[in-house]
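# Structural features, examined
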Amino acid sequence: MYNILMTALETIQRRLSVRRYSDKSIETSVREDLGTYFEEAGKGLFGNLVRFKLLDLGPMSREEMRSLGTYGFIKGAKLFVLAAVKENRCAFEDIGYCMEKVILKATELGLGTCWLGGTFRRSAFAAKMELSADEMLPAITPVGYTNNGSFASDRVLRYTIGSVKRHPWRNLFYEVNDQQPLEKASAADFVDALEAVRIAPSASNKQPWRIVKGENSHQYHLYLKENKLYNRLLGKIRIQHIDMGIAMCHFEMVAREQGLSGGWEVANPGSKYDGLQYIATWVS
Ligand SMILES: Cc1cc2nc3c(=O)[nH]c(=O)nc-3n(C[C@H](O)[C@H](O)[C@H](O)COP(=O)(O)O)c2cc1C
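Now for a quick tour of the structure. (Residues numbered from 1 in each chain as written. Predicted model: local features only at pLDDT ≥ 70, side-chain atom pairs only at ≥ 80, totals over all residues. Heavy atoms only, no water.)

### Regarding the pattern of salt bridges
In total, this model carries eleven salt bridges according to the counting rule given. We note a salt bridge from Glu27 to Lys24, for which the minimum N-O separation is 3.9 Å. Under the relative-accessibility criterion, Lys24 is labelled partly exposed at 49%. Here Glu135 and Arg51 are joined by a salt bridge, their closest N and O atoms 2.9 Å apart. Here Arg51 lies in strand S1 (residues 50-56) and Glu135 lies in strand S4 (residues 135-144), a separation of 84 residues in the sequence. According to the relative accessible area criterion, Arg51 is partly exposed, its value standing at 33%. Each of the salt bridges in this network shares a partner with another, and the network as a whole consists of Glu226, Lys228 and Arg232. (Salt bridge = Lys/Arg side-chain N within 4 Å of Asp/Glu carboxyl O. Buried < 20%, exposed > 50% of the residue type's maximum accessible area, 1.4 Å probe, protein only. Helix = DSSP H or I, 4+ residues; strand = E, 2+ residues; numbered from the N terminus.)

Below, the structure is given as structure tokens:
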């Protein structure tokens, strides 16, 4: 189902993790729309290029399909988007930024998705991606129609499993330092961009983004409240740095759509906070 009238924030609000898919195959034109978007979405904020591939399980034998394990977390999906990137500085932020664009495009096209960073057999999917020696496959997502034909009951399910829960503003956004919560009135034009970060997906829903508004009200500094153990569970893949890129994607998409000029830069945020790792600043 097409809905070209959705705003970026509406698309972001609509996205949710879909783990059960219907048999209904995706129309060729919808697949093509998604595929042609890959090139546009593949350029990261930090200069890394993300290589996407659509992997169709349809023509595969049962045995081959089984070898591509998603460990029972994902049911019925026949199509996956795989995202590879070269090992480089900020590659995880860039994969988060670029892949989230693809996920939101799929959402706009009426398709369900689910970020998978951990619960899939990485080596088997990597073989399908034909990775070069310096490339990694940090994440994949199934794409397809939900098995109930609508997002509505997924939303109900999501309430019951609790993943819809997000921290309130006061736990995530601060004024000038990391002590004083940012009031919506003080965020002015950036309320929706910040809200888009708050409702973003994150690995295990840990919501590790923190934003401090600069003294100059045209700066928003993004930090990672890292769970060091968790962020290192997947070998060289830093899953919480992927979360940072997703947040940057959401903030930027909403800010741009609302006509707010500016962009992400690595600036000097001026202050250091215990337990917070600086990532980048939105500079208007
Ligand atoms: C980087 C990243 C990795 C994720 N990895 C997995 C995964 O391996 N398996 C899974 O079932 N969900 C995974 N998720 C989905 C999150 O659990 C989900 O986004 C979060 O609970 C919020 O729920 P929502 O997406 O429905 O809003 C991942 C999400 C992100 C952002």
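Now that the structure is up, let's keep going.
### Overview of the packing of aromatic side chains
Counting across every chain of the model gives twelve aromatic pairs. Residues Trp264 and Trp282 carry aromatic rings whose centres are separated by 5.6 Å and whose planes lie at 80° to one another, so their mutual orientation is edge-to-face. Remark: Trp282 occurs in strand S9 (residues 277-283) and Trp264 occurs in strand S8 (residues 263-265); sequence separation between them is 18 residues. In this structure Trp264 comes out as buried when scored by relative accessible area, which is 13%. For Trp282, a relative accessible area of 0% puts it in the buried group. Among the aromatic residues, those joined into a ring-pair cluster are Phe190, Tyr220, Phe251, Trp264 and Trp282. When the ring centre of Tyr230 is taken as origin, the NZ or CZ atom of Lys206, which lies over that ring, is 4.7 Å away. (Phe/Tyr/Trp six-rings, centres within 6.5 Å; stacked < 30°, edge-to-face > 60°. Lys NZ or Arg CZ within 6 Å of the ring centre and 35° of its normal.)

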